[in-house]
Amino acid sequence: MTGAPQSPPAGNGAVRLGPLDTLILITERLIDLITAENALLGQRRPKDLGKQIDEKQRLAAMYGREMASLHKDPSRLQGAAPADVAKLKDVTQRFRRLIEENGRKVNAMRVVTERVVKSIGDEVAKRNRPVSGYDKHAAMRPVPPNYRVPRPT
């Protein structure tokens, strides 16, 4: 993560953040988290995703508030340095690309998981099904009266 553009120090030596710096910092941190999440998904380690979910949710909520505030008060952009606006646009584009990639990876993982669960369910159902067949008159043989339905696996 890169440092946010900083305004010149205030008279007391403190660094003053520009109007967009908070949003830029939040977006860059989200980029770091999504990049790590995409790497875990690429390594097929979805169980490790839970470790960062709290921070991701917290940052996503902060990002949403900052974006809503920016949309409500577009004059914040007018007071920002052109370099800050350009940096925000760049960071936002990178964030959107990563989110799209993340969506594709999560969807692929979901489809694979659903298929595995369905395959297991189909196999269990097949094993629990009574054997059907034909009797000596070529009629479907009824299920024997003493047939017990096996307990679910």
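Basis of the calculations
- Residues numbered from 1 in each chain as written.
- Predicted model: local features only at pLDDT ≥ 70, side-chain atom pairs only at ≥ 80, totals over all residues.
- Heavy atoms only, no water.
- Helix = DSSP H or I, 4+ residues; strand = E, 2+ residues; numbered from the N terminus.
- Buried < 20%, exposed > 50% of the residue type's maximum accessible area, 1.4 Å probe, protein only.
- Contact = heavy atoms within 4.5 Å.
- Areas by Shrake-Rupley, 256 points an atom, 1.4 Å probe, with all protein chains shown as cover.
- Axes fitted to C-alpha atoms, helices over the stretch in contact; angles between N-to-C directions.
- Left-handed = near helix turned anticlockwise from the far one by under 90°.
- Nonpolar A, V, L, I, M, F, W, Y, C, P; charged D, E, K, R; others polar.
- 1 Å grid on protein atoms, 1.4 Å probe; cavity = no way out; pocket = protein on both sides within 12 Å on 5 of 7 lines; lining within 4 Å.
- Points joined across faces, edges and corners; volume = space filled by probe spheres on them.
- Core = buried A, V, L, I, M, F, W, Y, C linked by side-chain atoms within 4.5 Å.
- Expected span 1.5 Å × (residues − 1).
- pLDDT = per-residue confidence, 0-100.

Draft legend 1. Structural view of the overall build of the protein. On a plain count of helices and strands, the protein comes out with 4 helices and 0 strands. Ordered by position in the sequence, the α and β elements of the protein form the string α-α-α-α. Classification of the 153 residues of the protein by burial places 24% in the buried group. Long-range pairs, those at least 24 residues apart, make up 63% of the contacts in the protein between residues at least 6 apart in sequence. In the structure as shown, the protein presents an accessible area of about 11100 Å², 58% of it carried by carbon and sulfur atoms.

Draft legend 2. Highlighting the packing of helix H1 (residues 21–42) against helix H2 (residues 53–72). Contact geometry for H1 and H2: axes closest at 10 Å, N-to-C directions at 145°. The handedness of the crossing between H1 and H2 is left-handed. Touching Thr-22, Leu-23, Ile-26, Thr-27, Arg-29, Leu-30, Leu-33, Ile-34 and Glu-37 of H1 are Glu-55, Lys-56, Leu-59, Ala-60, Met-62, Tyr-63, Glu-66, Met-67 and Leu-70, all from H2. Partitioning the contact of H1 with H2 into residue classes produces 11 nonpolar, 2 polar and 5 charged.

Draft legend 3. Highlighting the layout of surface pockets. Approximately 170 Å³ is the volume attributed to the largest pocket. Lining the largest pocket we find Met-67, Leu-70, His-71, Leu-77, Val-85, Leu-88, Lys-89, Thr-92, Gln-93 and Arg-96. Where the lining of the largest pocket is concerned, the elements lending two or more residues are H2 and helix H4 (82–128). At 6 residues, H4 tops the list of elements feeding residues into the lining of the largest pocket. Its residues placed into classes, the lining of the largest pocket shows 5 nonpolar, 3 polar and 2 charged.

Draft legend 4. A look at the nonpolar core. Ranked by internal contacts, the top residues of the largest apolar core, which has 18 residues, are Leu-20, Leu-23, Leu-30, Tyr-63, Leu-88 and Phe-95. In terms of residue count, H1 provides more of this core than any other element does, 7 residues in total. In contact with Leu-23, other than residues within four places in its own chain, are Tyr-63, Glu-66, Met-67, Leu-70 and Leu-88.

Draft legend 5. The arrangement of H4 in detail. An ideal rise of 1.5 Å per residue puts 69 Å on 47 residues; H4 measures up with 68 Å between its terminal C-alpha atoms. Packed against the buried residues of H4 are H1, H2 and helix H3 (75–78).

Draft legend 6. Representation of the environment of Ala-39. Looking at the secondary structure, you find Ala-39 in helix H1. Taking the relative accessible area as the measure of exposure, Ala-39 reaches 37% and is therefore partly exposed. In this structure, the C-alpha to C-alpha distance between Ala-39 and Asn-102, residues 63 residues apart in sequence, is 9.6 Å.

Draft legend 7. Quick look at the confidence of the model for the protein. In this model, the protein carries a mean pLDDT of 82, and residues with pLDDT of at least 70 account for 78%. Mean pLDDT per element in the protein: H3 is the minimum at 81, and H1 is the maximum at 94. Segment residues 1–11: pLDDT under 50, and 22 contacts once partners within four positions in sequence are set aside and those in other chains are kept.

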